[in-house]
Amino acid sequence: AQSLDLPALAAEAEITGMAVAVIENGAVTRVLTAGERSTETHPPVTEDTVFEAESLSKPVVAWIALRLVEEGKLDLDKPLADIAPWPAAAHDVRYRRITPRMVLSHTSGFPNFRTPGQPLPVLFEPGSYYTYSGEGFRFLQKGMESVTRSTLEDLARTYVFEPFGMTSSSFIWQSEFGSRIAVGHNDMGVARDKHVPQMADGAIGLHTTAEDYARFLVGVQQSDALGRRLRRDMETAQVDALDGIFWGLGWGIQPTLDGSALWQWGDNAGYKTFAYITPQ
């Protein structure tokens, strides 16, 4: 990371603007930036630039879920439909067998996202195979909100943002983001209109900075809030995701020479994100 020429890399890859937070020896040591937040107004990307995190939202939701399991408020292996029925999937009785463990390991049987306005299909027997699903995390969000009688935003502040010092993160649009936001761009570098979510979406809705998210990664690894068994399950393969990768509880798992790395990627229109940490 010390020798990384981020502006040259961004230019070569035709990336409008980017930020990279570096974690070394269990601490966030620097944030590298390049490019601009918008090709229309040309403000530079800085350390406090806010991005859409897309699917990096999912490990945050997973951590909250595991904390609720640790506190006895949520059962990893109890069907979510018992606590939060979901009419969109009620046409297929198999959805009633989907558990938080299945959602966190992407074996719920749901597709990534349904066609808008259409019922939510169950593609296979829940628990059988790996199929990446944002819909599953929306189902889990409903269950977490039901058992706690809290919103996802409130849960995130309690279990993630405040404990880990994430002062520029939210699942709901904050007015102060407006002066710091990096808008998405298409492949031609044209700025897209910015969506400003008024309701939390646990699958893709997080807004954050590179440094804030790195603090989350460090916080998850250093926190003693999970018992040994639950942490082991989080970091251990629950399902084979093929092509040499696996999935734990909320994290992709990549075997490496330095131990198993935890990772997640994100891909919304105009944004790309990636997070990676080797706990060992």
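A.B. asks: Describe the overall build of the chain, with residues and values.
C.D. replies: Counting secondary structure elements, the chain contains seven helices and nine strands. Projected onto its principal axes, the C-alpha coordinates of the chain cover approximately 50 × 45 × 35 Å. Residues counted as buried form 49% of the 280 residues belonging to the chain. Of all intrachain contacts in the chain linking residues separated by at least 6 positions in sequence, the fraction that spans at least 24 positions is 61%. Here the chain has roughly 13200 Å² of accessible surface; of this, 50% comes from carbon and sulfur atoms. A gap of 8 Å separates the mean positions of the 24 positive and 35 negative side-chain charges of the chain.

A.B. asks: So what's going on with the sheet that holds strand β8 (residues 259-268)? Residues and values would help.
C.D. replies: Strand order across the open sheet formed by five strands is β5-β6-β7-β8-β9, with antiparallel pairing between neighbours. Taken across any chain shown, the strands that pair with only one partner, and hence form the sheet edges, are β5 (239-240) and β9 (271-277). Taken strand by strand, helix α6 (residues 210-222) contacts β8 and β9, and its axis lies near 30 degrees from that of β9.

A.B. asks: Help me get a handle on the nonpolar core, residues and values and all.
C.D. replies: In terms of nonpolar packing, the biggest core is built from 53 residues, with Ile64, Tyr95, Phe110, Leu140, Met144, Val160 and Phe216 touching the most fellow members. Those elements that provide at least two residues to this core are α2 (57-70), α3 (100-104), α4 (134-148), α5 (152-161), α6, α7 (228-235) and β9. The dominant element in this core, judged by the number of residues it contributes, is α2, at nine residues. Among residues more than four places away in sequence, those in contact with Ile64 are Met144, Leu152, Leu155, Ala156, Tyr159 and Val160. Listed in part, the 10 residues of the second largest apolar core include Val45, Phe51, Ala182 and Val183.

A.B. asks: An account of the layout of surface pockets is needed here, citing residue identities and associated values.
C.D. replies: Reported here for the largest pocket is a volume of approximately 880 Å³. Taken together, the elements giving at least two residues each to the lining of the largest pocket come down to β1 (17-24), β3 (51-54), α6 and β9. A volume near 310 Å³ is recorded for the second largest pocket. Lining of the second largest pocket is provided by 15 residues; of these, Ile23, Glu24, Gly26, Ile277 and Thr278 occupy positions nearest its centre. Mapped onto the lining of the second largest pocket, the elements with two or more residues apiece are β1, α6 and β9. Class assignment of the residues belonging to the lining of the second largest pocket gives a composition of nine nonpolar, five polar and one charged.

A.B. asks: Describe α6, and please don't skip the residues or the numbers.
C.D. replies: Here α6 contains 13 residues, and its C-alpha end-to-end distance of 19 Å stays within 8% of the 18 Å for a straight helix at 1.5 Å per residue. Inspection of α6 places Ala210, Asp212, Tyr213, Ala214, Phe216, Leu217, Val218, Gly219 and Val220 among the buried residues, and these make up the whole buried set.

A.B. asks: Tell me what's going on with the pattern of salt bridges, and back it up with residues and numbers.
C.D. replies: According to the stated counting rule, one finds 18 salt bridges in the structure shown. Here Arg97 and Glu125 are joined by a salt bridge, their closest N and O atoms 2.8 Å apart. A residue pair is termed long-range when its members are at least 10 positions apart, and Arg97 in the loop between α2 and α3 and Glu125 in the loop between α3 and α4 qualify at 28 residues.

A.B. asks: Before we move on, could you go through α5 and cite the residues and values that matter?
C.D. replies: An α-helix turns once every 3.6 residues. As a result, residues three or four positions apart point the same way. Across the 10 residues that make up α5, a large majority, seven, are buried. If you check which residues of α5 are buried, you get Leu152, Glu153, Leu155, Ala156, Tyr159, Val160 and Phe161. Down the axis of α5, the sector holding all buried residues measures 155 degrees, keeping them to one side. Those residues of α5 that are buried lie in contact with α2, α4, β4 (206-208) and α6.

A.B. asks: Give me the packing of α2 against α6: which residues, what numbers.
C.D. replies: The contact between α2 and α6 brings their axes to 11 Å, and the two run at 35 degrees. Seen along the crossing, α2 lies across α6 with a hand that is left-handed. Taking contact as the criterion, the partners of Pro59, Val60 and Trp63 in α2 are, on α6, Tyr213, Phe216 and Val220. Within the contact of α2 with α6, the residues separate by chemical class into six nonpolar, no polar and no charged.

A.B. asks: Go over the environment of Gly270, please, and point to the residues and values.
C.D. replies: Within the element layout of this structure, Gly270 appears in the loop between β8 and β9. C-alpha of Gly270 to C-alpha of Arg192: the two residues are 78 residues apart in sequence and 7.2 Å apart in space.

A.B. asks: Go over the side chain of Ser105 with me, naming the residues and quoting the values.
C.D. replies: Along the chain, Ser105 turns up in the loop between α3 and α4. When its relative accessible area of 3% is taken as the criterion, Ser105 is described as buried. One polar contact links the side chain of Ser105 to the main-chain carbonyl oxygen of Arg101, over a distance of 2.8 Å. With near-sequence residues (within four places) excluded, Ser105 lies in contact with Tyr130, Gln238, Val239, Trp247 and Gly248.

Cut-offs applied
Residues numbered from 1 in each chain as written. Predicted model: local features only at pLDDT ≥ 70, side-chain atom pairs only at ≥ 80, totals over all residues. Heavy atoms only, no water. Helix = DSSP H or I, 4+ residues; strand = E, 2+ residues; numbered from the N terminus. Buried < 20%, exposed > 50% of the residue type's maximum accessible area, 1.4 Å probe, protein only. Contact = heavy atoms within 4.5 Å. Areas by Shrake-Rupley, 256 points an atom, 1.4 Å probe, with all protein chains shown as cover. Lys, Arg positive; Asp, Glu negative; His and termini not counted. Charge placed at Lys NZ, Arg CZ, Asp CG, Glu CD. Pairing = 2+ DSSP bridges. Axes fitted to C-alpha atoms, helices over the stretch in contact; angles between N-to-C directions. Core = buried A, V, L, I, M, F, W, Y, C linked by side-chain atoms within 4.5 Å. 1 Å grid on protein atoms, 1.4 Å probe; cavity = no way out; pocket = protein on both sides within 12 Å on 5 of 7 lines; lining within 4 Å. Points joined across faces, edges and corners; volume = space filled by probe spheres on them. Nonpolar A, V, L, I, M, F, W, Y, C, P; charged D, E, K, R; others polar. Expected span 1.5 Å × (residues − 1). Salt bridge = Lys/Arg side-chain N within 4 Å of Asp/Glu carboxyl O. Arc of directions from axis to C-beta. Left-handed = near helix turned anticlockwise from the far one by under 90°. Polar contact = N/O pair within 3.5 Å; in protein donor to acceptor, adjacent residues only side chain to side chain.

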